[in-house]
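# Structural overview
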Amino acid sequence: MKYQNAGFAPETIESLKQDLIDSNKNHKVVQSEENADEFVNFYFVGMFEGKEVIYDAALYTLRLHHASEVYELAEHEAAKKFPNFKGIHYEEDENGNLKPLTSEEEEIGWFITEIIMEMEEEETVKVQEFVDIDTNHDYGIGLDAALNVEYISEKTISKFVKEFNDDTLKLDETLFAFQSEEEDVDE
């Protein structure tokens, strides 16, 4: 039988289910350098249209989602003001140190920073908890979700998977805006 992708194949699903039983968890974190306190990629088994499937999930904090939305809008504004703007790319020299930016890249960087600060101050961008499903994903079904939590913990992931699978997940519809956290700079 032909499956949409490997995440729909019974043998792949059974293999993940066995991994979950062995680990005594309802999810399996994908080993990735991208995983951090505010973002985790993981797999879990759930139902879709009456059949078991693997969900390839990305769960992140609402703060990270907000920062991403703000940055994307700031880049859009930079592209309108600077016709040659294709993104700022940092390169390392042979010693692993960052090479200096060109004067135009530096100007664009400052412009983006100012736009971000302005959007945050005016709370231009507001976000809320959400779950998005992608049925045309390359492995199983894609799931993106943002929750209003400080960080993504094992407990947060387990609770999310349980509530998602039990159809008891309640998302907060409150709109939130966040400020960038000031970094302490030693003078």
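Just so it is clear, the model here is predicted, and its values are computed rather than measured. (Residues numbered from 1 in each chain as written. Predicted model: local features only at pLDDT ≥ 70, side-chain atom pairs only at ≥ 80, totals over all residues. Heavy atoms only, no water.)

### What to know about helix α4 (residues 154–165)
In plain terms, the rule: Labels follow the DSSP assignment, with helices taken as runs of H or I lasting at least four residues and strands as runs of E lasting at least two, numbered in each case from the N terminus. For a helix, the expected span equals 1.5 Å multiplied by the number of residues minus one. Only protein chains enter the accessibility calculation, which uses a 1.4 Å probe; a residue is then buried when its area is under 20% of its type maximum, exposed when over 50%, and partly exposed in between. Only heavy atoms enter the contact rule, under which two residues are in contact if any of them lie within 4.5 Å.
If you check α4, its first and last C-alpha atoms are 16 Å apart, about what 12 residues at 1.5 Å a residue would give, namely 16 Å. Within the span of α4, buried status applies to T156, I157, F160, V161, E163 and F164. Of the surrounding secondary structure, the elements contacted by the buried residues of α4 are β1 (28–29), β2 (39–48), β3 (51–61), β4 (130–134) and β5 (141–147).

### Some points on the sheet that holds β3
Inclusion rule: We treat two strands as partners when DSSP finds at least two bridges between them. Axis angles are defined between N-to-C directions and span 0 to 180 degrees, where every axis is a line fitted to C-alpha atoms and, for a helix, only to the segment in contact.
Pairing in this open sheet of 5 strands is mixed, and the strands run β1-β2-β3-β5-β4 from one edge to the other. A strand with exactly one partner marks an edge of an open sheet, and here the two such strands are β1 and β4. As paired strands, β1 and β2 are joined by 2 bridges and run antiparallel to one another. Bridging across to β2, K28 finds its partner in Y43. Along the sheet face, helix α1 (residues 10–23) touches β1, β2 and β3 and points at about 55 degrees away from the line of β3. Across the sheet, α4 is in contact with β1, β2, β3, β4 and β5; its angle to β2 comes to roughly 20 degrees.

### Comments concerning unusual backbone geometry
For E49, which is not glycine, the phi dihedral falls at a positive 50 degrees. Here E49 lies in the loop between β2 and β3. E49 sits in the exposed class, given a relative accessible area of 70%. Phi at D167 takes a positive value of approximately 60 degrees, unusual for a residue other than glycine. Examined against the element boundaries, D167 turns out to sit in the segment after α4. Classification of D167 by relative accessible area gives exposed; the value is 69%.

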